[in-house]
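# Remarks on the overall topology
This is what each chain is made of:
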Amino acid sequence: MYDGELVRFRALEPGDAERMLGWINDPDVTSGLAVRYPMSLANEVEWVETNKSLNYGNAVFAVETIADALHIGGIDIRTHAGPENRKGELGLMIGDKSVWGQGYGKDMVRTACRFGFEEMNLHRIELWVHGTNERATHVYESVGFVREGVARDGWYQGGRYVDMVLMGMLRSEFRAGA
C-alpha cells in the first residue's frame, strides 16, 4: 500500500471488478476517459486479472479513502516507452461520484506523481486530458503539470470531436506538498 493524505493505493483484488463495472458503464464517470463501448462483467474481471500484477511497466492501483477504506477509483502509471526513457503516462478514474469535488483527485495525482518519481525513478510523467475537462485540467495544473501541446480534434465522443491536451511534469518540477 502507498498512502497520500486522503487516499491509499492498493493492489487490485478480484472483488473490485463488480464495483468497477458500474463505474466504467456510467457516462458521467467516463465522459473524460478513453472509453467508448459498454463493458461486461467478464470484460472487467479480465481487466482486473490482467492488471493485478504490479510492475514497472504496469503500476495499476485501486484507490481507497484512508478515513474509511472506501474504494473510490483507480489510478495507473504505464511506461510504454521503455525504461531508458524513464517516462510514465498517468491515467485515473474516480468512479464513486459521492466523493467528487472533495480533494481526492488532487491527492490521487499528487500521490501517483510521488510514487512515480520516488519509487519508479521516473524522470517525466505525462497525461492526455480532454480539452473540455476544465476540472481535471485545474487539478493537474495545481499539482504542477504544464500544458505542452494540443491534438486538435484528437478524440471523437458523443457525436463530436474534442481537442486532447498533452500535459507533463518533470521530476525537478514536482512539489510533493502542492
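The shown structure was predicted, so the numbers you read here are calculated from the model rather than taken from an experiment.

As a general rule, the predicted coordinates of low-pLDDT regions are not to be interpreted in detail. Overall, the predicted model of the chain reaches an average pLDDT of 92, with 98% of residues at or above 70. By mean pLDDT, helix α2 (residues 27-30) is the weakest element of the chain at 88, and strand β2 (residues 7-10) is the strongest at 97.

It is worth spelling out the sheet that holds strand β8 (residues 160-170) at this point. Spatially, 8 strands are ordered β1-β2-β3-β4-β5-β6-β8-β7 in an open sheet, and the strand pairing comes out mixed. Of all the strands in the sheet, just β1 (2-3) and β7 (146-157) have a single pairing partner and so form its edges.

Turning next to the packing of aromatic side chains. Taken as a whole and assessed by the stated rule, the structure comprises 6 aromatic pairs. Centroid distance F117 to F174: 5.5 Å. Interplanar angle 45 degrees. Geometry classified as tilted. On the criterion of sequence distance, the pair formed by F117 in helix α4 (residues 104-119) and F174 in the segment after β8 is long-range, its members being 57 residues apart. Here F117 matches F174 in class, with each residue buried. Linked through ring pairs, Y2, F9, F61 and F115 together constitute an aromatic cluster. Over the ring of W155 we find R36; its NZ or CZ atom is 4.6 Å from the centre of that ring.

With that settled, the discussion passes to the packing of helix α1 (residues 16-24) against helix α3 (residues 41-51). As a packed pair, α1 and α3 sit with axes 9 Å apart at the nearest point and diverge in direction by 115 degrees. For the pair α1 and α3, the sense of crossing is right-handed. Contacts between α1 and α3 pair A17, E18, M20, L21 and I24 from the former with L41, E44, V45, W47 and V48 from the latter. Here the contact of α1 with α3 is composed, by residue class, of 8 nonpolar, no polar and 2 charged.

The phi dihedral of R86 is positive, around 50 degrees, even though this residue is not glycine. If you trace the backbone, R86 turns up in the loop between β4 (71-78) and β5 (87-94). A positive phi angle, close to 60 degrees, is found at N121, a residue other than glycine. Tracing the backbone through its elements, the reader meets N121 in the loop between α4 and β6 (124-130). Here N121 falls in the partly exposed class, since its relative accessible area comes to 40%.

Turning our eyes to something else, we now look at the pairing of β2. Where burial is concerned, the two faces of β2 agree: the one with V7 and F9 and the one with R8 and R10 are both buried. With 2 bridges connecting them, β1 and β2 associate as antiparallel partners. Bridge assignment links D3 to a residue of β2, and that residue is R8. Following β1, the chain reverses through 3 residues before pairing antiparallel with β2. Note: β2 against strand β3 (residues 58-65), 4 bridges, orientation antiparallel. Each residue of the ladder has a partner; that of R8, found in β3, is E64.

Turning our eyes to something else, we now look at the pairing of β4. The buried fraction of β4 is high, at 8 of 8 residues. Judged from the 7 bridges that link them, β3 and β4 form a sheet pairing that is antiparallel. Looking at β4, one finds that N58 is bridged to R78. In textbook terms, the turn of a hairpin is the stretch between consecutive antiparallel strands, and for β3 and β4 this stretch comprises 5 residues, one of which, A69, has a positive phi near 55 degrees.

Conventions we followed
- Residues numbered from 1 in each chain as written.
- Predicted model: local features only at pLDDT ≥ 70, side-chain atom pairs only at ≥ 80, totals over all residues.
- Heavy atoms only, no water.
- pLDDT = per-residue confidence, 0-100.
- Helix = DSSP H or I, 4+ residues; strand = E, 2+ residues; numbered from the N terminus.
- Pairing = 2+ DSSP bridges.
- Phe/Tyr/Trp six-rings, centres within 6.5 Å; stacked < 30°, edge-to-face > 60°.
- Buried < 20%, exposed > 50% of the residue type's maximum accessible area, 1.4 Å probe, protein only.
- Lys NZ or Arg CZ within 6 Å of the ring centre and 35° of its normal.
- Axes fitted to C-alpha atoms, helices over the stretch in contact; angles between N-to-C directions.
- Left-handed = near helix turned anticlockwise from the far one by under 90°.
- Contact = heavy atoms within 4.5 Å.
- Nonpolar A, V, L, I, M, F, W, Y, C, P; charged D, E, K, R; others polar.

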